[in-house]
Amino acid sequence: MSSSVKEISILEVKKHNTPEDLWMVIHDKVYDLTKFRSEHPGGDDVLDEYAGKEASKAFDDVGHSSDAVEMMAQYCVGELAVADRKAGGSSKKTNAKCTVA
Ligand code: HEM
């Protein structure tokens, strides 16, 4: 069965590790936060810190609101490749729609 969600490897995510090209992984979803960076209420520096990286724990530790979680979907560009996922990485909370082809 084909899925409408694109699978992205962690190696691909790592290439997008600058403020001008900023991707990160949160709960097995890949987000392109390049445009959101300057709008993030928590600041651009914290996002820069996780550019190209796995940021699930950092995201959870902040205790982001449900509004923040809802905002995530629009920046989702795909799912982390199954082989690159870690046990416990997924989260119902942030398993929102991510149907970008
Ligand atoms: C798609 C990813 C993200 C979205 C959509 C997002 C969104 C938001 C929003 C809407 C707020 C305002 C407070 C709230 O509604 O909870 C916020 C605050 C904040 N965020 Fe994020 N955020 C994201 C990722 C991250 C990451 C990876 C970090 C890493 C540490 C982070 C750190 C913070 C901090 C420190 C605050 C300020 C909390 C405070 O003032 O009490 N955020 N974020």
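In the block above lies the structure referred to throughout.
What counts and how
- Residues numbered from 1 in each chain as written.
- Predicted model: local features only at pLDDT ≥ 70, side-chain atom pairs only at ≥ 80, totals over all residues.
- Heavy atoms only, no water.
- Pairing = 2+ DSSP bridges.
- Helix = DSSP H or I, 4+ residues; strand = E, 2+ residues; numbered from the N terminus.
- Near = heavy atom within 4 Å.
- Polar contact = N/O pair within 3.5 Å; in protein donor to acceptor, adjacent residues only side chain to side chain.
- 1 Å grid on protein atoms, 1.4 Å probe; cavity = no way out; pocket = protein on both sides within 12 Å on 5 of 7 lines; lining within 4 Å.
- Sits in = over half its atoms within 2 Å of the grid points.
- Nonpolar A, V, L, I, M, F, W, Y, C, P; charged D, E, K, R; others polar.
- Core = buried A, V, L, I, M, F, W, Y, C linked by side-chain atoms within 4.5 Å.
- Buried < 20%, exposed > 50% of the residue type's maximum accessible area, 1.4 Å probe, protein only.
- Contact = heavy atoms within 4.5 Å.
- Phe/Tyr/Trp six-rings, centres within 6.5 Å; stacked < 30°, edge-to-face > 60°.
- Donors = N, O, S within 2.8 Å, 3.2 Å for Na, K, Ca; no water.
- Tetrahedral: all angles 85-135°; square planar, octahedral: opposite > 155°, others 65-115°.

(A) Here's a closer look at the sheet that holds strand β4 (residues 29-32). The strand order β1-β5-β4-β3-β2 describes an open sheet built from 5 strands, whose pairing is mixed. Every other strand in the sheet has two partners, leaving β1 (7-8) and β2 (17-18) as the edge strands with one partner each.

(B) A look at the site of the ligand. By nearness alone, 18 residues border the ligand, and H40, P41, G42, H64 and S65 come closest of all. H40 is positioned such that a nitrogen or oxygen atom in its side chain is 2.8 Å from a nitrogen atom of the ligand. Note that a nitrogen atom of the ligand is positioned 2.8 Å from one of the side-chain N or O atoms of H64. More than half of the atoms of the ligand fall within 2 Å of the grid points belonging to the largest pocket. Secondary-structure elements contributing two or more residues to the shell around the ligand are β3 (21-26), α2 (44-49), α3 (56-62) and α4 (66-72). Counted by class, the shell around the ligand contains 14 nonpolar, 4 polar and no charged residues.

(C) The arrangement of the nonpolar core in detail. Ranked by internal contacts, the top residues of the largest apolar core, which has 14 residues, are L22, M24, I26, Y31, L33, L47 and M72. Among the elements that make up this core, the one with the highest residue count is β3 (3 residues). Setting aside chain neighbours within four positions, we find M24 in contact with V13, K29, V30, Y31, L33, L47, Y50, K53 and A55. Of all hydrophobic cores here, the second largest spans 7 residues; its members include V13, W23, V25 and V30.

(D) Spotlight on the packing of aromatic side chains. For the coordinates displayed, the defined rule picks out 1 aromatic pair. Their ring planes at 40 degrees and their centres at 4.9 Å tell us that F36 and Y75 sit as a pair that is tilted. Here F36, found in the loop between β4 and α2, pairs with Y75, found in the loop between α4 and β5 (76-80); they are 39 residues apart in sequence, far enough to count as distant. Since its relative accessible area comes to 13%, Y75 is described here as buried.

(E) Geometry of the coordination of the iron atom of the ligand. Coordination of the iron atom of the ligand by the protein comes from H40 (NE2) and H64 (NE2), over a distance range of 2.0 Å. Geometry at the iron atom of the ligand is octahedral, judged from its 6 donor atoms and the angles of 86 to 178 degrees they form at the metal. Of this pair, H40 sits in the loop between β4 and α2 while H64 sits in the loop between α3 and α4, and the two are 24 residues apart along the sequence.

(F) Representation of the pairing of β5 in the model. When you tally the buried positions in β5, you get 4 out of 5 residues, the bulk of the element. Relative to β5, β1 is paired through 2 bridges, and the arrangement is parallel. The residue of β5 that forms the bridge with E7 is E79. Note: β4 against β5, 3 bridges, orientation antiparallel. Residue pairing in the sheet places Y31 in a bridge with C76 of β5.

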